[in-house]
Every structure is written in structure tokens, then in C-alpha cells.
Amino acid sequence: MSNREWHLLSRPVGWPKPEDFALVETEVPTPGDGQVLVRNTHLSVDPYMRGRMSAAKSYAAPYELGKVMQGGAVGEVLASNAEGISAGDHVLHFFGWREYAVMDAKHAVKVDPEAAPPSTYLGVLGMTGLTAYAGLLRTASFKEGDVVFVSGAAGAVGSQVGQIAKLKGASRVIGSAGSDEKVELLVDEYGFDAAFNYKNGPVSEQLRAAAPDGIDVYFDNVGGEHLEAAVGSLNLRGRIAICGMISVYNNTEPAPGPRNLARLIQTRGRIEGFLVGDHYDLQPQFVSEVVPWVASGALKYRETVVDGIENTLEAFLGVLRGDNTGKMIVKL
Ligand SMILES: NC(=O)c1ccc[n+]([C@@H]2O[C@H](COP(=O)([O-])OP(=O)(O)OC[C@H]3O[C@@H](n4cnc5c(N)ncnc54)[C@H](OP(=O)(O)O)[C@@H]3O)[C@@H](O)[C@H]2O)c1
């Protein structure tokens, strides 16, 4: 058996290029004491991985050049030298971007593929779902009756933010996305009250039209023009949760900040960034609330599934381009 894995060869400048990466053939590793061998079935590709391709100091260490990259993955245990995990179990772990992985058992979390499709542990029931839940309810201090605006609204995190806000009694939910099809999906399937295509005109004008009485919460996945527009529409004691700023991830120069931050004085507004990793204490509450919503269909989700380890890089680049609707998954 051979294993294929994606290595980072050089640090991308601007948009990542295929020559910055290589799909390398290696031997399948053998598990030692306390370790398990996993055949990955589903890989996650996420926007934050762009940050780890850079050497800049951040909350997660840069990917090492010439080595396999990391990321969320679900797989089936083929062999186990560890107590508590057996061959045939399915596990969630962080050794993605490869077909086979060996890891200490403490880094593998058992999941039940009968209870929910394995891919959902990477998306709606996993890291991106918790990001939406924690960012909206804790960082943005969402409360019933709020008017909520979310960007990247047809993506993995954004689509959950808008629906959770509706389920928790938002008075109005507005989303923005990068195509007319995504905008339709937000309103018709996810129940957003209004949505617009940010490519169709200035965000500030489209937001004002969609939220004539202003917004109480902005969940930012995008940064840039969206953030300035949200500050411009913020109501008294409005809250902005900075989850991500995908519009600047491939910039080679720092992007200009919002020009209207003085509005935070009038509005007593608050802007706060957050990392999902700081909110795993919410996991039990997240599971008890979100699992039944997903099971009943009250909380909908989509996945864009790309097949094959050889297409993992293309899937990752697709997330940056907006090819995905909902969570981007690579199925092996
Ligand atoms: N803070 C945390 O702990 C945390 C955790 C997870 C994710 N995040 C962040 O949350 C955001 C969403 O992540 P995700 O995993 O759910 O990804 P996603 O939204 O499923 O995919 C990214 C989406 O961003 C949109 N996009 C790309 N370039 C854009 C641009 N220039 N302007 C506006 N939209 C653009 C694309 O959709 P369109 O077609 O709509 O353009 C694309 O589908 C990212 O910024 C990510 O870094 C943060």
C-alpha cells in the first residue's frame, strides 16, 4: 500500500499557485505503541489554511516547507495499538491532506457514522458549526429581536450563523454572498429575510436597502468593504464579531481599514475578534442544541464535495474563489 500526501514546497505570495505544492507518494506509516493507523475518508479544506501557508506569526504555527500539511479529517481506523479505539472505528482528527495517517490515540476522537454522515463532523456538527454558534451567541452577544447581518452567508460558517439567528428569534436576518444562485438559496432554503450579491453593487447601498432600520449584529467572514458597510449601518450598542476576513487573505499589502470607525463612538458599538479554539467549553451546549435542529431539518446545511486526494489543492483554492456552497469537503 502506498500513501499520497500534500506537501507545501514554497510559501505562496498572493494567490497560491500549483507549483507551491506537491502531491507526494510515501509509504503507509506503521502505528507504534498507543497509536492508530487511519484511512482518511473525508478531508476538510478551510480558509484559515491560507494563513498557515505563510510564515507570519499567528495563532497556529506555519506549515513546514517540504512536509505534509495538516487539517481536519475523518477516517476509519485500520489498526490500533491503543486502548479504547479499535479497527473499524471512525475518528475525527487533525491529520488531513493525506490518505493514511498514524497518530497517538489521544489525537483521535471517535465519531458515530450511523448517527450522522461522517463529513458533518467537519462541518455543521464540527468546527465550522461551533464557530457559527460561539461567534454569534457569545462574541456577538446575540439576543432575541436583533437584526443580524452575516457575510459569506452561503458558506459553511455563514449559512449556520443566519439560520441559528432565525431559530433564536432574530427580527431580521440579512446575508451577502457572491452569486445570484447563492442569494436565492439564502432566502428560499435557509429562510433569510433578505440577501444580496455583493458583486452586484456597493455593499453599503445594498445593506442599507436590505436593513433600512440598521443592524444590531454583524458576523464578519469577509472584512474589507463589508466591514465598513456594517459599521455604517450599526445601531446603538451594535456588536461586530470578526470571525474571518477572507477578502484580504491573498493580499500582498495590508488592506485599508474601515474609514468610518468614529461611528463606534456614537453607537457605543463593539468590534471583537474570536477564535473557535477558545470556545470548546460550549461544545456540550452546541451538541445538545444543534444536533436536534439538524436531525429535524430545522437547521439545513449544504456541502460541496470534491472527489480524490489529487483534487484537494483545487478544492482548497475553490474555497478561496467561492466555488463552494456550504462546507467544502474532499471525499477519498
Ligand atoms: N475565527 C475562527 O475561529 C474561524 C473558524 C472557522 C472559519 N473562520 C473564518 O470564517 C470565514 C468562513 O469560513 P468557512 O470555512 O465557512 O468558509 P466558506 O464561507 O465556506 O468559504 C469561503 C467563502 O468566502 C467567500 N469569499 C471568497 N473571497 C471573498 C471576497 N473577496 N469577498 C467576499 N467573500 C469572499 C466565498 O463565497 P462567495 O461566493 O460568497 O464569495 C467562499 O465560498 C473565513 O473567513 C474563515 O477564515 C474563522
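Residues numbered from 1 in each chain as written. Predicted model: local features only at pLDDT ≥ 70, side-chain atom pairs only at ≥ 80, totals over all residues. Heavy atoms only, no water.

Looking at an unreviewed UniProt entry, the protein chain carries the name NADP-dependent oxidoreductase, with the source organism given as Streptomyces brasiliensis.

K.L.:
Is there a simple way to explain the site of the ligand in this structure?
P.N.:
Taken together, 27 residues lie near the ligand, and Lys-182, Tyr-198, Tyr-249, Val-276 and Asn-324 sit nearest. Note that an oxygen atom of the ligand is positioned 2.8 Å from one of the backbone N or O atoms of Ala-156. Within the backbone of Cys-243, one N or O atom sits 3.0 Å away from a nitrogen atom of the ligand. For the ligand, the accessible surface in isolation is 910 Å², of which the surrounding protein chains cover 90%. Of all the secondary-structure elements, those providing two or more residues to the shell around the ligand are helix H2 (127–139), helix H3 (156–167) and helix H9 (312–321). Top contributing element to the shell around the ligand by residue count: H2, with three residues. (Near = heavy atom within 4 Å. Polar contact = N/O pair within 3.5 Å; in protein donor to acceptor, adjacent residues only side chain to side chain. Areas by Shrake-Rupley, 256 points an atom, 1.4 Å probe, with all protein chains shown as cover. Helix = DSSP H or I, 4+ residues; strand = E, 2+ residues; numbered from the N terminus.)

K.L.:
Just to check I follow, could you spell out the packing of H2 against H3 for this structure?
P.N.:
Angle between the axes and distance between the axes: these two values describe a pair of packed helices. At a minimum axis distance of 8 Å, the contact between H2 and H3 shows a crossing angle of 45 degrees. By the angle class used here, H2 and H3 are oblique. Like other packed secondary-structure pairs, H2 and H3 cross with a definite hand, here right-handed. Taken together, the residues of H3 that come into contact with H2 (itself represented by Thr-128, Thr-131, Ala-132, Tyr-133 and Leu-136) are Ala-156, Val-157, Gln-160, Val-161, Ile-164 and Ala-165. (Axes fitted to C-alpha atoms, helices over the stretch in contact; angles between N-to-C directions. Parallel < 35°, antiparallel > 145°, perpendicular 65-115°, else oblique. Left-handed = near helix turned anticlockwise from the far one by under 90°. Contact = heavy atoms within 4.5 Å.)

K.L.:
Before we go on, may I ask you to explain the pattern of salt bridges in this structure?
P.N.:
Oppositely charged side chains can form a pair if their charged atoms are brought close together. Scanning the model with the defined rule gives 16 salt bridges in all. For Asp-46, the salt bridge is made with Lys-327, and the minimal N-O distance between the two is 3.2 Å. Residue Asp-46 is found in the loop between strand S3 (35–44) and helix H1 (48–52), and its partner Lys-327 is found in strand S15 (residues 327–331); the two are separated by 281 residues along the sequence. Note on Asp-46: relative accessible area 4%, which makes it buried. The closest approach of N and O atoms between Lys-67 and Glu-64, which form a salt bridge, is 3.0 Å. Among the residues examined, Lys-67 registers a relative accessible area of 43% and is labelled partly exposed. (Salt bridge = Lys/Arg side-chain N within 4 Å of Asp/Glu carboxyl O. Buried < 20%, exposed > 50% of the residue type's maximum accessible area, 1.4 Å probe, protein only.)

K.L.:
Please clarify how the nonpolar core should be interpreted in this entry.
P.N.:
Inside soluble globular proteins, nonpolar side chains tend to come together where they are buried. Leu-136, Val-148 and Val-290 are the most contacted members of the largest nonpolar core, which totals 41 residues. Looking at this core, the element that brings in the most residues is H2, giving five residues. Residue-level mapping places this core at the junction of two domains, with at least three residues from each of domain 1 (2–123 + 301–331) and domain 2 (127–277). Those residues in contact with Val-290 that sit more than four places away from it in its chain are Val-124, Leu-125, Tyr-133 and Leu-299. Residues Trp-6, Met-49, Met-69 and Val-319 belong to the second largest nonpolar core, which totals 21 residues. (Core = buried A, V, L, I, M, F, W, Y, C linked by side-chain atoms within 4.5 Å. Domains from an automatic or database assignment.)

K.L.:
What should I look at first to understand the sheet that holds strand S9 (residues 172–177) in this one?
P.N.:
To summarise the sheet geometry, strands pair through backbone hydrogen bonds and adopt either a parallel or an antiparallel arrangement. Spatially, S10-S9-S8-S11-S12-S13 is the arrangement adopted by the six strands of the open sheet, whose pairing is parallel. Of all the strands in the sheet, just strand S10 (194–197) and strand S13 (270–273) have a single pairing partner and so form its edges. On average, each strand axis in the sheet is tilted by 15 degrees relative to the strand beside it, whichever way the strands run. Across four bridges, the pairing between strand S12 (residues 234–242) and S13 is parallel. When the bridges of S13 are listed, Ala-241 appears paired with Glu-272. Against the sheet, H3 engages strand S8 (147–150), S9 and strand S11 (215–220), with an angle of about 170 degrees to S8. Packing against the sheet, helix H4 (residues 180–188) makes contact with S9 and S10, and its axis sits at approximately 175 degrees to S10. (Pairing = 2+ DSSP bridges.)

K.L.:
When you look at the UniProt feature "domain: Enoyl reductase (ER)" (unreviewed entry) in the protein chain in this model, what are you seeing that I'm missing?
P.N.:
Annotation from UniProt places "domain: Enoyl reductase (ER)" (unreviewed entry) at residues 17–330. Regarding residues 17–330, the helix share stands at 27% and the strand share at 25%, and the terminal C-alpha atoms are separated by 19 Å. (UniProt positions renumbered as here; feature names shortened; annotations may be inferred.)

K.L.:
What am I meant to see in the packing of H2 against helix H8 (residues 283–296) here?
P.N.:
Axis separation between H2 and H8 bottoms out at 10 Å; the angle between their running directions is 100 degrees. What the angle tells us is that H2 and H8 run roughly perpendicular. Between H2 and H8, the contacting residues are Gly-129, Leu-130 and Tyr-133 on the first element and Gln-283, Gln-285, Phe-286, Glu-289 and Val-290 on the second.

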